[in-house]
Amino acid sequence: MRLYTRTALAFAAFCLLLTACRRINEATTLGSELIPAVDNVSTFEKVLDVETDNRAANDTTRMQAGDDAALGNLNDPVFGSTTAAVFFNLVPANNGTYPFFNKDSIVGIDSVVLSLSFRAAYGDTTVLQGVKVFEIAGNSGFADSPAYRFNRPPFATTGPALGSRSYTTSMLNDSVILTRPRDTVRTNNVLRIRLNNSLGTRFASYDTLNGPNGGFRNDSIFKRLFRGVAVVPDAGTGNSLAYFNLIDAVRTRLTVYFRVTKNALVDTTSTVFIHRIAGTAFSPDQGQANPISRTPGGAWASALANGTPNDDLLYLQSWPGGSFGRVRIPGLDTFANSIIHRAELIFPKQNSTAENNFAPPPSLFLDRTGTNGDSAYLLDKDVQLNPQNGTIANVALFGGFLRSDQTYKFIITRHVQDVLIKRIPNSPLRVYAPYRTQLLLAPGATTTAEVQVNPLQAFGRVVVGGGANADPAKRTRLRIIYSRI
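Residues numbered from 1 in each chain as written. Predicted model: local features only at pLDDT ≥ 70, side-chain atom pairs only at ≥ 80, totals over all residues. Heavy atoms only, no water.

## Re the overall build of the protein chain
For the protein chain, the count of helices and strands is six helices and 30 strands. Every one of the 485 residues in the protein chain was classed for burial, and the buried ones make up 50%. Counted over contacts in the protein chain with a minimum sequence separation of 6, partners at least 24 positions apart contribute 78%. If you sum the accessible surface of the protein chain, you get close to 21600 Å²; carbon and sulfur atoms cover 52% of it. (Helix = DSSP H or I, 4+ residues; strand = E, 2+ residues; numbered from the N terminus. Buried < 20%, exposed > 50% of the residue type's maximum accessible area, 1.4 Å probe, protein only. Contact = heavy atoms within 4.5 Å. Areas by Shrake-Rupley, 256 points an atom, 1.4 Å probe, with all protein chains shown as cover.)

Right, here's the structure in full:
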């Protein structure tokens, strides 16, 4: 009986210890102030080396209806070149009515202007960028869908350029005065591209009949007659990306200025065409695409080709079509089962050429892959998502942003604990800078989560120290605070 009592008490104490350990571990994920001090008696600190490998991303991120569109060229001496073009449809602001007063009254077309609502820029904004506007070919396959992949090839166009413009991205913030008869306005944050007047003449020839020329009968007929516009950067010009809001119907529009005879007098007026379907700004039937092409160059291209599994530097270029770092932590395979109070994966930022123009992305992200790297999973115990928009709810704790000590840190305490107790395998991790990323919630699961990480696509790049860096202070490493069981 006494032996039984002692055994029961010992078992109860053991359970209490496990419960207390779990409480410590759970609590420390809520605030670093709860982490016990390292005293090398009951609490220890250890730094594990990691292996890092540069990889090129073949992501399939798709453009959504509300996404800003990137336009321009980048020539980054460290990462290589980037080209981004914009394709989108335009329709009359009002259906079922003839927008040019009436055909018999038209005196002439004064001008046709495509305006794009400017939102942001990335790169060297002082270098002159040239762009041309073309008509999207009717047989190009361009359809009413906002869900084209960013890495798809550009759509075919037809005919000569409708217009062109050279600009520096820095000047798009400037206020511009537009003067027309009886109409003087001041505008800014707009890129205006003058198009050939023949396009206005062509639009004026459409009618409202339910026939092959009834472009103003409904949007479907109009888009059959005019599929949309392609805004394409000139090769060899520019060194920045400008971002434009296509659904801003006030600033993004095609305006035809024309003269008509009204009451025996010639009057100057205009009509507009905007990017929307059936009067709805966020219609799922919008036709838009933002093909972005990345060509590795410089040090990143060399790192991709070196064939070593453990690089001294990681080159992290924002998605789509950018890069990622494969991270392995072999030391966890032999680390004794312990109570993990805190585990932080540290990526020290390194200086790189032209980083004044090519700044780091707002956030990096970390997830885990399958053993063969064929699937990606959310670090579901360390990452919490906002269910409304898929953004990271606990980003201040999880990390991924550049800290004042010039490091990126990810707090992966629960992940490391699960590896040590053999709940999950010690599979490779992936660090990268996605715009959005689609991840399985867990191995074997069929449910995925779409995580919004950065506010703009193809925005940012950074170089961090790899696992093979000669300087220990510059290496990517895993720091663990733990207690022995």
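From this point, the discussion proceeds with the structure in view.
## Focus: the environment of Thr157
With respect to the element layout, Thr157 can be found in strand E9 (residues 157–167). Judged by its relative accessible area of 35%, Thr157 is partly exposed. Each C-alpha atom, one on Thr157 and one on Ser140, is 7.3 Å from the other, the two residues being 17 residues apart in sequence.

## Brief notes about the packing of aromatic side chains
A complete count under the given rule lists 32 aromatic pairs for this structure. Taking the centre distance of 5.1 Å and the plane angle of 80° together, the rings of Phe142 and Phe155 count as edge-to-face. On the criterion of sequence distance, the pair formed by Phe142 in the loop between strand E8 (129–136) and E9 and Phe155 in the loop between E8 and E9 is long-range, its members being 13 residues apart. Given the relative accessible area of 4%, Phe142 is considered buried. An aromatic cluster is built from Tyr98, Phe100, Phe203, Tyr206, Phe216, Phe222, Phe226, Phe258 and Phe273, whose rings are joined through pairwise contacts. In this structure, Lys262 packs its charged tip against the face of Phe101, placed 4.8 Å from the ring centre. Here the guanidinium or amino end of Arg430 rests over the ring plane of Tyr432, the centre of that ring lying 4.2 Å away. (Phe/Tyr/Trp six-rings, centres within 6.5 Å; stacked < 30°, edge-to-face > 60°. Lys NZ or Arg CZ within 6 Å of the ring centre and 35° of its normal.)

## Remarks on the side chain of Asn245
The topology assignment puts Asn245 in strand E14 (residues 240–245). Take Asn245: its relative accessible area is 14%, and that puts it in the buried class. At 3.5 Å, the side chain of Asn245 and the backbone nitrogen of Asp248 are in polar contact. The residues touching Asn245, leaving out its near neighbours within four places in the chain, are Asp68, Ser117, Arg119 and Thr252. (Polar contact = N/O pair within 3.5 Å; in protein donor to acceptor, adjacent residues only side chain to side chain.)

## Observations regarding the confidence of the model for the protein chain
Should pLDDT be low for a region, the predicted coordinates there are not to be read in detail. Per-residue pLDDT for the protein chain averages 88, and the proportion of residues at 70 or more is 87%. Of the regions scoring below 50 in pLDDT, residues 177–181 engages in eleven contacts with residues more than four places distant in sequence or in other chains. In this model residues 277–282 is a low-confidence stretch, pLDDT under 50, and it forms eleven contacts with partners more than four residues away in sequence or in other chains. (pLDDT = per-residue confidence, 0-100.)

## Re helix H6 (residues 413–420)
Burial of H6 is extensive: seven of the eight residues sit out of reach of the surface. Among all positions of H6, only Thr413, His415, Val416, Gln417, Asp418, Val419 and Leu420 are buried. In the segment just after H6, Lys422 is the residue with positive phi, at about 65°.

## Section: the environment of Ala458
Structurally, the position occupied by Ala458 is in the loop between strand E28 (448–452) and strand E29 (461–465). Sequence separation of Ala458 and Ala84 is 374 residues, and the distance between their C-alpha atoms is 9.2 Å. In contact with Ala458, not counting residues within four places along its chain, are Tyr122, Leu241, Tyr243, Ile292, Arg294, Ser318, Trp319 and Pro320.

## Digging into the pattern of salt bridges
Using the criterion set out here, one finds 20 salt bridges in the structure. Among the ionic pairs, Asp234 bridges to Lys132, the shortest N-O distance being 3.1 Å. Highlighted residues: Asp234 in the loop between strand E13 (229–233) and E14 and Lys132 in strand E8, separated in sequence by 102 residues. If you follow the salt bridges from partner to partner, you end up with Glu45, Arg342, Glu344, Asp405, Lys409 and Arg479 in one network. (Salt bridge = Lys/Arg side-chain N within 4 Å of Asp/Glu carboxyl O.)

## Considerations on the nonpolar core
In this structure, Phe100, Leu114, Phe203, Val231 and Leu254 are the most contacted members of the largest nonpolar core, which totals 52 residues. For this core, the leading source of residues is strand E7 (residues 106–123), giving six residues. For Val231, the contacting residues outside a window of four places in its chain are Leu71, Ala85, Val86, Phe88, Leu114, Leu116, Val131, Lys132, Val133 and Ile193. Core analysis: the next-biggest nonpolar cluster, separate from the first, contains 44 residues, Leu429, Leu439, Val451 and Leu478 among them. (Core = buried A, V, L, I, M, F, W, Y, C linked by side-chain atoms within 4.5 Å.)

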